[in-house]
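So the chains spell out like this:
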Amino acid sequence: MSLKKKAAVVGAYEHPTRFAPDKSMFQIMAESIRGALDDAGLTIKDVDGLCTTGIGMSAMGIVGFCDYMNMTPNFVDSTSIGGSSFVAHTAHAAAAITAGLCEVCVVVYGSTAASSRFAIGTGGGGIGGGGDPCDQYEVPFGPTTVGSYAMIAQRHMHDYGTTPEQLAEIAVTTRLHASMNPAAKYRDPITVEDVLASRIVSSPLHLLDCCMISDGGGALVIASADRARNMKKKPVYILGTGETVRHVADGHRDFLEVAAAQSGRLAFDRAGVAHKDIDLAMIYDSFTITVLVTLENLGFCKRGEGGAFVSGGRLRFDGDFPINTDGGGLSSNHPGMRGIFLVIEATKQLRGEGGPRQVKDCNIALVHGTGGTLGTRHSGATLILANN
Amino acid sequence: MAEQQTKKYLKPLPHIDEEMRPWWEALQRHELYIQKCRQCGETRYYPRAQCTQCLSPKTEWVRCSGRGKIYTFTVTHQNQAAGFRESLPYVLAYVELDEGVKLLTNIVECRSEEVKIGMPVEVIYEDATPAVTLAKFRPAR
C-alpha cells in the first residue's frame, strides 16, 4: 500500500513568539493548535489524532498534554527522534489516516527553550541526557551538540577541501530570507566576513554557523486527501516519506554518510518524483554543515561537491535551488527542535503564501529533518509534498 | 591516589552499567580492549553483550595496541558542563584504532593548533577517580 497522495496538510500555523517567559510550553502548543485549526477551518472537535514530543517534555508528555487539552484522541504518537520528530509525525499521521486509525490528526510542538535557558548546543550532557547505556562511552570526554556537527565539518573539509567561506554562504543566504520574514528573530543582513569574524564555538564552526535558541511552536493539521479537497485552504499533498537513523555503527561508521541518504531515497522512490522536480527544499539547519551534508546525502549533488553546490547564491529564494525561505534555525527560530517549521514553511510556499520570499512556480517541495547529533547518533526524516 | 581522592573531579562521569563493568575494570588496569564476535568475526566498539550482526553472545576480547590515527576532531571553545567549562579549549576527537574501530576521546598533551586529521596517536590512561579510568590519546612518540 502506498501513501502517495492519500493525505494532505490542511492547516499550518507558526507561533509568532520567539521569547515567551510569560507562557508555558503547553500554552504555546495550545495556541498553535488554535492557529492551525483556524487555518484549516476546523474545530478541536474534528481532531481525533495527536502527535507531539518535546525537549521540555517528559517521556509521557503527550498524555499530560492530552490532559491539558482535555483530548481523548483515537491515535497518539510521540515518536521522539530529535528535531526531525515532527517531520516523521507528519508521515505517521498520513499513515494513520490512510489506515483508518484516525481522520484528522494534529502535529504540534512548543517550547520555552530560550526563556527557560536550556544550553542545548553546549550543555555537554549529550542529547540523550547521558543516561542511555551508549552515553557512558561519550559523556566523560565533553561531547557537545555543536562539537558533534563540528567533527563532521572538520572531516568534510579534510576530505574535500570544503571551506569556511562555503559554509558561511549558507548562513548568509538564510539571513537574507529571514530579512523578508517579519517574525524572524535575526533580520539584519550579514556577510561571509561577518560569519568568519564571529567567534569559534567548536572548530571549525563559528557562532554564526550555529542555530539560535529561541522560544516558539507550531502546529499542522493532517487529513485524508478526500476530506482535504473541501477545506478552507488549498491542500498540500504528502507524496512520499522516509525515516531512519545513523550512529557509530560498532565503530565502523562512514561519518559523512548521514541518515538523509536512506530517508531521502525512500521518500523519492515512494513519491515517484525526481530531484529535478523539487522547487523548494526545507533542510534542517541546526548548523551550516548540516545543510551541506544533507544536500549531498539527499543526492542533489555528489558527495564532496556540497561546497560548490551551496555557493554563488544558488540557495536563495530566487536562485536555482531555493532552501529555507523562512530564515531557518540559523536566523528565524529554533526552540530546541524545528522540524515542524520546515513543514509549515513548505506548506505556505506550496500555497503561494510566501509573500516577498515566495519561490516562483513552487509546486513540489522536499522537507528534511535531522534530529540529534550528526557526528554521534542522529535521525533523518524526509517528506515530499506537492500542491496538486 | 590519596591526592586524587581529595581533589574533586568535576567533569561528568560515566554511568557505568553492569553489562560492561569488566571493560571499565580493564581500563583501571590500563588495558584497552575491543570486542570480536567468535561466531561471525565482526569487531565492535563500544563494548556490549552480543554481536550486532549475528546476535551471538560469544565474544572474544581483543587487547588493543593503543595506537591509532585521528579520524576527525573539534577544538571545543564552549561547554557549560562542570569541569569542561574550566578546561576550555579542549580537543574532542574520534580516533581510529589500528584494530579498525573508531572511538570518541580527547586528544591531550599537545597544543590544539597542532591537532590534525591523520595524526598518529597513542593511548594514555587518565585515572579520573578511584573508580573510573578514561582512555585518552596523545601524539604518538
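In this text, all values refer to a predicted model and were calculated from it rather than measured experimentally.

The rules we used
Residues numbered from 1 in each chain as written. Chains lettered and ligands numbered in written order. Predicted model: local features only at pLDDT ≥ 70, side-chain atom pairs only at ≥ 80, totals over all residues. Helix = DSSP H or I, 4+ residues; strand = E, 2+ residues; numbered from the N terminus. Buried ≥ 20, exposed ≤ 12 C-beta atoms within 10 Å, placed from the backbone. Contact = placed C-beta atoms within 7 Å. Rg over C-alpha atoms; globule rule 2.2 N^0.38 Å. Pairing = 2+ DSSP bridges. pLDDT = per-residue confidence, 0-100. Axes fitted to C-alpha atoms, helices over the stretch in contact; angles between N-to-C directions. Parallel < 35°, antiparallel > 145°, perpendicular 65-115°, else oblique. Left-handed = near helix turned anticlockwise from the far one by under 90°. Nonpolar A, V, L, I, M, F, W, Y, C, P; charged D, E, K, R; others polar. Expected span 1.5 Å × (residues − 1).

Caption draft 1: View of the overall build of chain B. Along the backbone of chain B there are two helices and eight strands. The helix and strand sequence of chain B, counted from the amino end, reads α-α-β-β-β-β-β-β-β-β. Sorting the 141 residues of chain B into buried and exposed places 30% on the buried side. Residue pairs at least 24 apart in sequence account for 52% of intrachain contacts in chain B once pairs closer than 6 positions are excluded.

Caption draft 2: Region of the structure containing the overall build of chain A. Counting secondary structure elements, chain A contains 12 helices and 11 strands. Relative to the 2.2 N^0.38 estimate, which gives 21 Å for 388 residues, the radius of gyration of chain A is 19 Å and therefore close to what a compact globule would have. Summarising its shape, the C-alpha atoms of chain A cover approximately 55 × 45 × 40 Å along the three principal directions. Residues counted as buried form 61% of the 388 residues belonging to chain A. Across chain A, the fraction of contacts at a sequence separation of at least 24, relative to all contacts at a separation of at least 6, is 77%.

Caption draft 3: Geometry of the sheet that holds strand β3 (residues 59–63) of chain B. Residue and element names in this part refer to chain B. Read across the open sheet, the three strands follow the order β2-β1-β3; overall the sheet is antiparallel. Two strands bound the open sheet, and with one partner strand each, they are β2 (43–44) and β3. The sheet contact formed by strand β1 (residues 33–37) and β2 spans two bridges and is antiparallel. Within β2, the residue paired with Q35 across the bridge is R44.

Caption draft 4: Region of the structure containing the confidence of the model for chain B. All names here are of chain B. Here chain B shows a mean pLDDT of 94. Residues at 70 or above account for 96%. Note on residues 1–5: pLDDT is under 50 here. Beyond four places in sequence and across chains, it has five contacts. In the predicted complex, the global pTM is 0.96; the interface-specific ipTM is 0.95.

Caption draft 5: Quick look at the packing of helix α1 (residues 25–40) of chain A against helix α2 (residues 61–69) of chain A. Residues and elements named next belong to chain A. The interhelical angle for the contact between α1 and α2, taken along N-to-C directions, is 65°, at an axis separation of 11 Å. Classified by the angle their axes make, α1 and α2 are roughly perpendicular. The two elements α1 and α2 meet at a crossing, and its hand is right-handed. Within the contact between the two elements, α1 uses F26, M29 and A30 and α2 uses F65, Y68 and M69. Here the residues of the contact of α1 with α2 sort into six nonpolar, no polar and no charged.

Caption draft 6: Main features of the sheet that holds strand β7 (residues 216–224) of chain A. All names here are of chain A. If you trace the nine strands from one edge of the open sheet to the other, you get β3-β2-β4-β7-β1-β8-β11-β10-β9, paired in mixed fashion. Bordering the open sheet on either side are β3 (75–77) and β9 (280–283), each of which pairs with just one other strand. Mean inter-strand twist for the sheet, computed between neighbouring axes without regard to direction, equals 25°. Sheet strands touched by helix α8 (residues 260–271): β8 (236–246), β10 (364–372) and β11 (378–386). Its angle to β8, the strand with the most contacts, is close to 150°.

Caption draft 7: Molecular detail of the packing of helix α5 (residues 164–178) of chain A against helix α9 (residues 288–298) of chain A. All names here are of chain A. Closest axis-to-axis distance for the α5/α9 pair is 8 Å, and the angle between their directions is 105°. Here α5 lies roughly perpendicular to α9, going by the angle between them. Residues L167, I170 and A171 of α5 form the contact with α9, whose participating residues are T288, I289, V291 and L292. Here the contact of α5 with α9 is built from residues that sort into six nonpolar, one polar and no charged.

Caption draft 8: Summary view of helix α3 (residues 85–98) of chain A. Residues and elements named next belong to chain A. Across its 14 residues, α3 extends 20 Å between first and last C-alpha, which sits within 8% of the 20 Å expected from 1.5 Å per residue. Of all the positions in α3, only S85, F86, V87, A88, H89, T90, A91, H92, A93, A94, A96 and I97 are classed as buried. Positive backbone phi, at 85°, marks G100, one or two positions downstream of α3.

Caption draft 9: Quick peek at the interface of chain A and chain B. Tallying the contact residues gives 33 residues for chain A and 35 residues for chain B. Elements that contribute at least two residues to the side of chain A that touches chain B include exactly α4 (145–160) and β5 (200–202) of chain A. Per-element tally for the side of chain A that touches chain B: the top contributor is α4 of chain A, with six residues. Taken together, the residues that form the side of chain A that touches chain B break down as 13 nonpolar, 16 polar and four charged.

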